[in-house]
2 protein chains.
Amino acid sequence: MYRYKLTVSYDGSDYYGMQRLSNHDSIQKTLEKSIKRMTSKEVKVFVSGRTDKGVHALGQVVHFDFEALIEPNILTDGLNKRLPEDIRIIKSEIVKNTFHARHDAKSKEYDYVISKKTSSAFTQRYEVYFPNIDVSKLKEASKLLEGTHDFGGFTVTNELKPTEKTIYSIKVKETKTHIKIRFHGNSFLRYQVRRMVGLLVDVATNKKDISTINKILETKDQSLAKNTAPAKGLYLVKVHY
Amino acid sequence: MYRYKLTVSYDGSDYYGMQRLSNHDSIQKTLEKSIKRMTSKEVKVFVSGRTDKGVHALGQVVHFDFEALIEPNILTDGLNKRLPEDIRIIKSEIVKNTFHARHDAKSKEYDYVISKKTSSAFTQRYEVYFPNIDVSKLKEASKLLEGTHDFGGFTVTNELKPTEKTIYSIKVKETKTHIKIRFHGNSFLRYQVRRMVGLLVDVATNKKDISTINKILETKDQSLAKNTAPAKGLYLVKVHY
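It should be emphasised that the depicted structure is a prediction, and the values quoted were computed from it without experimental measurement. (Residues numbered from 1 in each chain as written. Chains lettered and ligands numbered in written order. Predicted model: local features only at pLDDT ≥ 70, side-chain atom pairs only at ≥ 80, totals over all residues. Heavy atoms only, no water.)

Engineer: What am I meant to see in the overall build of chain A here?
Structural biologist: Helices and strands together make up the secondary structure of chain A, namely five helices and 12 strands. Computed over the C-alpha atoms, the radius of gyration of chain A is 19 Å, within 12% of the 18 Å expected from 2.2 N^0.38 for a compact globule of 241 residues. Summarising its shape, the C-alpha atoms of chain A cover approximately 60 × 40 × 30 Å along the three principal directions. Of all intrachain contacts in chain A linking residues separated by at least 6 positions in sequence, the fraction that spans at least 24 positions is 73%. The average position of the 42 basic charges and that of the 28 acidic charges among the side chains of chain A differ by 2 Å. (Helix = DSSP H or I, 4+ residues; strand = E, 2+ residues; numbered from the N terminus. Rg over C-alpha atoms; globule rule 2.2 N^0.38 Å. Contact = heavy atoms within 4.5 Å. Lys, Arg positive; Asp, Glu negative; His and termini not counted. Charge placed at Lys NZ, Arg CZ, Asp CG, Glu CD.)

This is how it looks when you write it as C-alpha cells:
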C-alpha cells in the first residue's frame, strides 16, 4: 500500500463548505471520483481541514492510500485531466504510511485579500473591497492578536474544542491596489480568521476602538466581533507539516 | 424622455447566451430589474449584440429610455449597488434620443486570450490553454483574414444574414505567459471569431495548412473550420459608434 499526499488549489466560489453546489459533491468526493476514474479503484481521501463556502485554497493538502505505485507526475497530470477546472493538483508525492493530512498538520497560513478599489466583474470572486483602511492602524491592531491567546471570542457559539491557539505572525502587505494580511498559526477555529479580519478592518476604519481586541481576548465575548469578513477574500495558502 | 447609454463589463461564465443559468434572466433582464429597483419604473434595455455562453465583456454597450434626468455618476453607482457582482457598469452617459446601441454600432473589437501555460483554478474561466503555438505563423495566418471577405465559412449553417464582412485588423500580442489576438471588424457573424481562432490555432500548431484559410474564404465550406475555440477566452472589448 502506498500513501499519496496531494497539494491542491481550488476556487471555492462554487462549493458550499467542501460541498459542490451543483452536484453536492465535496472536494474529497470530487477527488475520490477522479482517482476512481483514473485507477478504477475506490479510495478514501483525507483533507487537512475543511474550508467554508467561498474560501479558496492555494495549497490545501490531502492524502489517500492506493495499492499500486503511481509515478507522482503521472498522478498529477492524470487527476488534472479528470478534475473540474476549479480544482487543480499542484503537486503529488509518495509519503510515509504514517503521514496524516489532518493529524500531522503543524501550522497553517491563510491570506486575506482586500482590494482598495471596487472589484471588476472578473476579480469580484477573489477579493473584498474595504475602503479607507488606515494601514498603520491595521498593523498595530494585528500585533495584539499575535501570540498564544484564547480565541473563543472569535468563533461560533458552540465550538467545543479547545479555543487556546497560537498565532505566530500576522503580516500586512500593501500594494498600490491591494492589502494582503497573512496569518500563520498552529491552528484556527471556525470563522476565526474572518472574524479577526472583520474586527481589524473595523479598527482600521475607526469604527471600533483598538481596545476592543484585548477586550475580546480577555472576555471571549463573541458579540464584540460579529463582523465576519466575506469568505471570498480568504485563501488557505499553506499547510506546514 | 432621456436616453441613457451604459458601458457594461461582465463575466460571462454563469450566463447562458445572455441568459443567466441560475434564474434564466438575461443581461438585459438583469439590467432592467436593477433599473426598476433603482427608479421603480419598467424600462426596456437594448444591447449592441448578444454574446454566447461564457463569452465575457469589457465594454458591452446598451441603451434605455427613462422619463427623468439621472446624473450619470449616480446612475452608475446606483446600478452597481443593485447588480450582481459579475456585471459592472463602467460608464453611464446621456445620449441623443436617436442613438441606438445595436443599429448605430459601427465596429467592434474582440480579444481572444490564449494562455501559454496551463490555467490555475483561478484563471480557468478567463483564458484558454493552447500549447506550442508558433506565433509568427499565427501572425502570418491572421493577415489572410484581414479585409473584406465572405466569412460564411466561419459561421453556423443556418445564418441567413449577409455574410460579407470587413475585418480592419487582427493584432497578435505575445507576453511571457499569454498570447492575445485582437479582432477589429465592422461586424461579426455568430461563432465567427471563435471559429477563426480555432483555425488560426490549428495552423499555428501545424495541424492544418495555412492554405486552408483562403480555401474557406473562397468555398465558404463550413466543414473546414469546425474547430470552435472555447467561449471563455473571448472578450467583447469595445463597441465603436
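Engineer: Just to check I follow, could you spell out the environment of Gly78 of chain B for this structure?
Structural biologist: With respect to the secondary-structure elements, Gly78 of chain B resides in helix 2 (residues 72-82). Distance from Gly78 of chain B to Arg37 of chain B, taken between C-alpha atoms, is 9.4 Å for residues 41 residues apart in sequence.

Engineer: I keep staring at unusual backbone geometry and nothing clicks. Help me out?
Structural biologist: Negative phi characterises most residues that are not glycine, and trans characterises most peptide bonds. The phi dihedral of Asn206 of chain A is positive, around 60°, even though this residue is not glycine. Among the secondary structure elements, Asn206 of chain A is positioned in the loop between helix 4 (192-204) and helix 5 (211-219).

Engineer: What should I look at first to understand the pairing of strand 11 (residues 178-185) of chain B in this one?
Structural biologist: Residue and element names in this part refer to chain B. Across eight bridges, strand 7 (residues 107-115) lies against strand 11 in antiparallel orientation. Paired with Ile114 across the bridge in strand 11 is Ile179. By the bridge criterion, seven bridges tie strand 10 (residues 164-174) to strand 11 in an arrangement that is antiparallel. Looking at strand 11, one finds that Ile170 is bridged to Phe183. (Pairing = 2+ DSSP bridges.)

Engineer: Help me out: how do you make sense of a nonpolar patch on the surface in this one?
Structural biologist: Residues and elements named next belong to chain A. On the surface, a nonpolar cluster with roughly 270 Å² of combined accessible area is contributed by Tyr2, Leu69 and Ile94. Along the chain, Leu69 falls in the loop between strand 5 (56-66) and helix 2 (72-82). Residue Leu69 is classed as exposed on the basis of its relative accessible area, which comes to 57%. (Patch = residues over 30% accessible without salt bridge, like charges linked within 9 Å, V, L, I, M, F, W, Y side chains within 5 Å. Areas by Shrake-Rupley, 256 points an atom, 1.4 Å probe, with all protein chains shown as cover. Salt bridge = Lys/Arg side-chain N within 4 Å of Asp/Glu carboxyl O. Buried < 20%, exposed > 50% of the residue type's maximum accessible area, 1.4 Å probe, protein only.)

Engineer: Would you mind showing me how to read the interface of chain A and chain B here?
Structural biologist: Reports often express the size of an interface as the amount of accessible area lost when the parts come together. The interface is formed by 20 residues belonging to chain A together with 20 residues belonging to chain B. Summing both sides of the interface, chain A and chain B together bury roughly 1300 Å²; the carbon and sulfur share of this comes to 57%. It is Glu85, Ala121 and Phe122 of chain A in chain A that bury the most area against chain B; as a group they hold 44% of the surface buried on that side. In this assembly, chain A and chain B are joined by two salt bridges. Here Glu85 of chain A and Lys232 of chain B are joined by a salt bridge, their closest N and O atoms 2.7 Å apart. For the pair chain A and chain B, the interface holds two residue pairs in polar contact (both at pLDDT 80 or more). Taken together, the elements giving at least two residues each to the side of chain A that touches chain B come down to strand 1 (2-10), strand 5 and strand 6 (87-95) of chain A. With three residues, the top contributor of residues to the side of chain A that touches chain B is strand 5 of chain A. When the residues that make up the side of chain A that touches chain B are grouped by side-chain class, the tally is eight nonpolar, five polar and seven charged. (Buried area = accessible area lost by both parts, 1.4 Å probe. Polar contact = N/O pair within 3.5 Å; in protein donor to acceptor, adjacent residues only side chain to side chain. Nonpolar A, V, L, I, M, F, W, Y, C, P; charged D, E, K, R; others polar.)

Engineer: Could you clarify how one ought to interpret the environment of Asn227 of chain B in this entry?
Structural biologist: Residues and elements named next belong to chain B. Note that Asn227 resides in the loop between helix 5 (211-219) and strand 12 (234-240). Sequence separation between Asn227 and Lys180 is 47 residues; the distance between their C-alpha atoms is 18 Å. A distance of 3.0 Å separates polar atoms of two side chains, one belonging to Asn227 and the other to Asp202.

Engineer: In this structure, what is going on with the environment of Phe64 of chain B? I would like to understand it.
Structural biologist: Residue and element names in this part refer to chain B. Here Phe64 shows up in strand 5 (residues 56-66). Since its relative accessible area comes to 0%, Phe64 is described here as buried. As a C-alpha pair, Phe64 and Arg3 span 61 residues in sequence and 5.8 Å in three-dimensional space. Those residues in contact with Phe64 that lie beyond four places of it in its chain are Tyr2, Arg3, Tyr4, Leu6, Ile35, Val43, Lys44, Val45 and Leu75.

Engineer: It is not clear to me how helix 5 of chain A should be interpreted in this structure. Could you clarify?
Structural biologist: All names here are of chain A. Every buried residue of helix 5 is listed here: Thr212, Ile213, Ile216 and Leu217. One side of helix 5 holds all its buried residues, which, seen down the axis, span an arc of 135°. Contacts made by the buried residues of helix 5 are with helix 3 (135-145), strand 9 (147-150) and helix 4. Of the residues one or two after helix 5, Lys220 is the one with positive phi, at around 55°. (Arc of directions from axis to C-beta.)

Engineer: Which parts of the structure should I look at to understand the relation of the copies chain A and chain B?
Structural biologist: One copy of the chain maps onto the second through a rotation around an axis plus a translation along that axis. Between the two copies, chain A and chain B, the superposition gives an RMSD of 0.0 Å; the rotation angle is 180° and the shift along the axis is 0.0 Å. The operation mapping one copy onto its partner corresponds to a two-fold rotation axis. Both copies share a contact surface, since 100% of the interface residues of chain A are interface residues in chain B too. (Least-squares fit on C-alpha atoms with pLDDT ≥ 70 in both.)

Engineer: When you look at helix 1 (residues 27-39) of chain A in this model, what are you seeing that I'm missing?
Structural biologist: Count 3.6 residues to each turn of an α-helix, and residues three or four apart come out pointing the same way. When the terminal C-alpha atoms of helix 1 of chain A are compared, their 18 Å separation across 13 residues agrees well with the 18 Å that a helix rising 1.5 Å per residue should span. Residues Ile27, Gln28, Thr30, Leu31, Glu32, Ser34, Ile35 and Thr39 of chain A constitute the buried set of helix 1 of chain A. (Expected span 1.5 Å × (residues − 1).)

Engineer: What am I meant to see in the packing of aromatic side chains here?
Structural biologist: The geometry of an aromatic ring pair is captured by the separation of the ring centres together with the interplanar angle, meaning the angle of the planes. This structure, assessed with the given rule, holds 12 aromatic pairs over all chains. Here Phe122 of chain A and Tyr235 of chain B contribute two aromatic rings whose centre-to-centre distance is 5.7 Å and whose plane-to-plane angle is 50°, an arrangement assigned as tilted. In this pair, Phe122 of chain A is assigned in the loop between strand 7 (107-115) and strand 8 (128-129) and Tyr235 of chain B in strand 12, connecting two distinct chains. Three or more aromatic residues joined by ring pairs make a cluster, and in this case those are Phe122 of chain A together with Tyr126 and Tyr235 of chain B. Above the ring of Phe46 of chain A, the side-chain terminus of Lys44 of chain A is found at 5.1 Å from the ring centroid. One cation-aromatic arrangement involves Arg190 of chain B over Tyr191 of chain B; the distance from NZ or CZ to the ring centre is 4.9 Å. (Phe/Tyr/Trp six-rings, centres within 6.5 Å; stacked < 30°, edge-to-face > 60°. Lys NZ or Arg CZ within 6 Å of the ring centre and 35° of its normal.)

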